[in-house]
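Summary of the model geometry
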Amino acid sequence: MVDRDRSGFIDENELQQAISSGYQRFNIRTVRLLMFLFKNPNDSLRCGPKEFAALWSCLGQWRGIFERYDKDRSGKIDLFELRDALYSLGFAIPSSVLQVLISKYDDGSGRRVELNFDSFVECGMMLKGLTEKFKEKDRRHTGTTAFNYDEFMSTIIPFLVSYD
């Protein structure tokens, strides 16, 4: 049972247990990002049934994309597989940005950086959320917009602190 306290809502620990049993062990950072993106409008610290259903469906879609682009079936995707997966979702990420993104998952071993499903979800959902925030400001759909400093910080900071 996911809702251990039978409150009708789940917190980040319950969510971590629920999605980890359905897929693989999820890092608390990813869980917090998902909680932020699928938050209950009345309780930002917990997820209700409607939000959980949307989150679970979203994870299923991300799993399908991950499996489609994990060409060697290793359970991990490399830089090029990540680029192709993100492009299929409509994210034409410049290679310099892609390098910064994937460097977040570098363990310092000197080996090629690969993302497991958890890291792929974290990376993809962060891009998706930030892109949606940008599109809210780009009302004419020109690919450009203007932010003042406060607007920029109010848009970006929640993505950085919501799950660290």
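The name given to the chain in an unreviewed UniProt entry is calcium-binding protein CML48-RELATED, with Salix koriyanagi as the source organism.

Looking at the pattern of salt bridges
As enumerated under the stated definition, the model contains 9 salt bridges in all. The partner of Arg63 in a salt bridge is Glu67, and the shortest N-O contact between them spans 3.9 Å. Placement of both Arg63 and Glu67 in helix H3 (residues 49-69) is noted, with a separation of 4 residues, approximately one turn of the helix. Its relative accessible area of 43% is what places Glu67 among the partly exposed residues. Residue Asp84 pairs with Arg83 through a salt bridge whose shortest N-O separation is 3.0 Å. Judged by relative accessible area, Asp84 falls into the partly exposed class, the value being 31%. Residue class for Arg83 comes out partly exposed when judged on its relative accessible area of 39%. The structure contains a network of salt bridges with shared partners spanning Arg29, Lys104 and Glu122.

Re the packing of aromatic side chains
Per the counting criterion, the structure on display carries 6 aromatic pairs. A ring pair is formed by Phe26 and Phe117, whose centres lie 5.9 Å apart and whose planes are at 85°; its orientation type is edge-to-face. Residue Phe26 is located in the loop between helix H1 (12-22) and helix H2 (28-37), and its partner Phe117 is located in helix H6 (residues 117-137); the two are separated by 91 residues in the primary sequence. Both residues of the pair, Phe26 and Phe117, belong to the buried class.

Analysis parameters
Residues numbered from 1 in each chain as written. Predicted model: local features only at pLDDT ≥ 70, side-chain atom pairs only at ≥ 80, totals over all residues. Heavy atoms only, no water. Salt bridge = Lys/Arg side-chain N within 4 Å of Asp/Glu carboxyl O. Helix = DSSP H or I, 4+ residues; strand = E, 2+ residues; numbered from the N terminus. Buried < 20%, exposed > 50% of the residue type's maximum accessible area, 1.4 Å probe, protein only. Phe/Tyr/Trp six-rings, centres within 6.5 Å; stacked < 30°, edge-to-face > 60°.

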